[in-house]
Amino acid sequence: MSHYYEEDDLERFPEIGKYRPDLYDIFMNYYQGVMSAGALTTREKALIALAVAHAVQCPYCIDAYTRGSLEAGSNLEEMTEAIHVAAAIRGGATLVHGIQVHNAAAKITM
Amino acid sequence: MLPFARKLEDLGYPDLKADRINILQVNLGWRCNQACKHCHLLAGPQRPEQMARDTIEEIIRVVKRWSIPTVDLTGGAPELNPHYEYLVERLDQLGTHILTRCNLTILLEPGKEHLPEFFRDHRVELVCSLPYYQEDLVDRLRGAGVFQKSLDALRRLNRVGYGEADPDLKLNLMYNPAGAYLPPEEAALEAVYRRELAERHQIRFHRLLTLLNMPIGRFKEFLERSKNYERYMGKLVSGFNPATVAGLMCRSLISVAWDGRLFDCDFNQALDLPLLPGLPQTIREFDPEALATRPIRLGDHCYGCTAGLGSSCGGKLAEG
């Protein structure tokens, strides 16, 4: 193995179902149900998935939902905005934990 | 990859056959004022191929003799053929439903400014290429400045009544992906196109059709150059949808090349795969009995018509 992340591994996802196929099937049914159009369109869901893919920094998911967003009719302007949403929430989450620093510091300092 | 013919055989279609001829699709030539990156025919301004007048007369004879209900004019830019207007006038006199696949920018070429009124006067249904509703993507695919020219052309068509309430003046738009991925769901994308074109550009249209990029011609060159060919074909093969087979356009259409030769579709024409041996091979030999139930010549590019919700000159083939 030359890299931890191999592009072709994404296509091998179903191999996870080799062990405990019952759990794999439950997951896939749930996954397909979640990603189908509902109150949100498939285009909106693909953009959310793309943003989450960046937040969890999963190369497979970024590959899959770049394609997924384009196949849902989205464009790089919308996709970039979605990534900014992930970045803003991650950045905000980092900063808001600064309050814990302030609290912790307050507790141990005079 | 399982050959397409074998795939159909496994599904109980040992030899896919046509079941009627409702549409005569006529390719008037490969000359075009554009040279789009996704063109399956490698059409462009330098292409010399043009349908000659005697072949046009044969088309008119066949449509009249066999009462073909619809003639679908394509190219290249079909309007660049010097006999385009003559053919449309004659077909209109016969009461034929006429479609033209229009690249929009042709309406702005010198000597072609009359086309919106000409289309209207002959009730030509238009299928116009507009692969997205944003400038950068359209210009990347079709050439610098094409998006703005396309908007200008669409406004001209709206002004003469296309895209409005009159059901005889149909203005349909054609989307195709800008790369190695499948088209979106047609109705969802149509709603976005309608909103964006109306709000930003005050443009109206009837339907949006989505067409998948066939892995042939310039698009195949792109797939190979970008090392996307295997993956794209894998996606088409794994996306095979049996529900698309009944509506495949080759089952109700016959394609006539600029030189009068007959093909099962425009894609087979691009690949120079004529009708199977033993069948009439040119418009001069047109025989509806032999052709209406002919076996179709298949190739692996046919996976492009059966992937997902299917793809055809009339848009998707199956419901989602």
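Here, residues in each chain are numbered from 1, in the same order as that chain's written sequence. Working convention: letters from A go to chains and numbers from 1 go to ligands, in the order in which they are written. It should be noted that, the model being predicted, local features are given only for residues of pLDDT at least 70 and side-chain atom pairs only at 80 or more, the latter also being counted only at that level, while totals for whole chains, interfaces and linings use all residues.

Visitor: Got a sec to walk through the overall build of chain A? Specific residues and values, please.
Guide: In terms of helices and strands, chain A carries 5 helices and 0 strands. Think of it this way: any DSSP run of H or I at least four residues long counts as a helix, any run of E at least two long counts as a strand, and we number them from the N terminus. Counting helices and strands in the order they occur from the N terminus, chain A gives α-α-α-α-α. In this treatment the radius of gyration is a C-alpha quantity, and the globule benchmark scales as 2.2 Å times the residue count to the 0.38 power. The C-alpha radius of gyration of chain A comes to 19 Å, more than 25% above the 13 Å expected for a compact globule of 110 residues. Taken across its 110 residues, chain A has 16% of its residues classed as buried. With C-beta atoms placed from the backbone, a residue counts as buried when 20 or more other C-beta atoms lie within 10 Å of its own, as exposed when 12 or fewer do, and as partly exposed for counts between those limits.

Visitor: Which residues make up the interface of chain A and chain B, and what values do they have?
Guide: In this complex, chain A contributes 9 residues to the contact, which on the side of chain B involves 10 residues. Broken down by secondary-structure element, the contributors of at least two residues to the side of chain A that touches chain B are α2 (42-55) and α3 (59-71) of chain A. With 3 residues, the single largest contributor to the side of chain A that touches chain B is α3(A). Grouping the amino acids of the side of chain A that touches chain B by side-chain chemistry returns 2 nonpolar, 4 polar and 3 charged. Residues are scored as being in contact if the C-beta atoms we place from backbone atoms lie within 7 Å. Gly is placed with the polar residues, together with every amino acid not listed as nonpolar (Ala, Val, Leu, Ile, Met, Phe, Trp, Tyr, Cys and Pro) or charged (Asp, Glu, Lys and Arg).

Visitor: Before we move on, can you summarise the packing of α2(A) against α3(A) with the specific residues and values?
Guide: All names here are of chain A. Interaxial distance between α2 and α3 falls to 9 Å at its minimum, and their mutual angle equals 155°. As far as their axial angle goes, α3 and α2 are roughly antiparallel. The chirality of how α2 crosses α3 is left-handed. Contacts between α2 and α3 involve Ala-46, Leu-47, Ala-49, Leu-50, Ala-53 and His-54 from the first element and Cys-61, Ile-62, Tyr-65, Thr-66, Gly-68 and Ser-69 from the second. Note on geometry: axes are C-alpha line fits, over the in-contact stretch for helices, and angles between N-to-C directions span 0 to 180 degrees. Throughout this description, any angle smaller than 35 degrees is read as roughly parallel, any larger than 145 degrees as roughly antiparallel, any in the 65 to 115 degree range as roughly perpendicular, and the remainder as oblique. Crossing handedness is read from the near helix: turned anticlockwise from the far helix by less than a right angle, it gives a left-handed crossing, and turned clockwise, a right-handed one.

Visitor: Can you tell me about the pairing of strand β3 (residues 97-102) of chain B, naming the residues and giving the values?
Guide: All names here are of chain B. Counting buried positions over the 6 residues of β3 gives 5, a clear majority of the element. Whether two strands pair depends on DSSP finding at least two bridges between them. Sheet topology note: the strand β2 (residues 70-74)/β3 ladder contains 4 bridges and is parallel. Note on β3: the bridge partner recorded for Thr-70 is His-97. Following the backbone out of β3, through helix α4 (residues 115-121) and into the adjacent parallel strand β4 (residues 125-129), one traces a crossover that is right-handed. By convention, orient the strands away from the viewer: a clockwise path from the first strand over the helix to the second makes the crossover right-handed.

Visitor: If you had to explain the sheet that holds strand β6 (residues 208-210) of chain B to someone new, which residues and values would you point to?
Guide: All names here are of chain B. One open sheet holds the 8 strands; their spatial order is β6-β5-β4-β3-β2-β1-β7-β8, and the pairing between them is mixed. Each having just a single partner strand, β6 and β8 (262-263) make up the two edges of the open sheet. Seen against the sheet, helix α7 (residues 186-201) touches β5 (171-175) and β6 and runs at an angle of roughly 135° to β6.

Visitor: So what's going on with the pairing of strand β1 (residues 23-27) of chain B? Which residues, and what values?
Guide: The side chains of a regular strand alternate between both faces of the sheet. Residues and elements named next belong to chain B. Summarising burial for β1: 5 of the 5 residues are buried, a large majority. Residues Ile-23, Gln-25 and Asn-27 point to one face of β1 and Leu-24 and Val-26 to the other, with burial holding for every one of them. Two elements, β1 and β2, share 5 bridges in a ladder whose sense is parallel. Its bridge partner lying in β2, Leu-24 is registered against Val-71. This β-α-β element, β1 to helix α2 (residues 53-66) to β2, shows right-handed connectivity. The pairing of β1 with strand β7 (residues 253-256) spans 4 bridges and is parallel.

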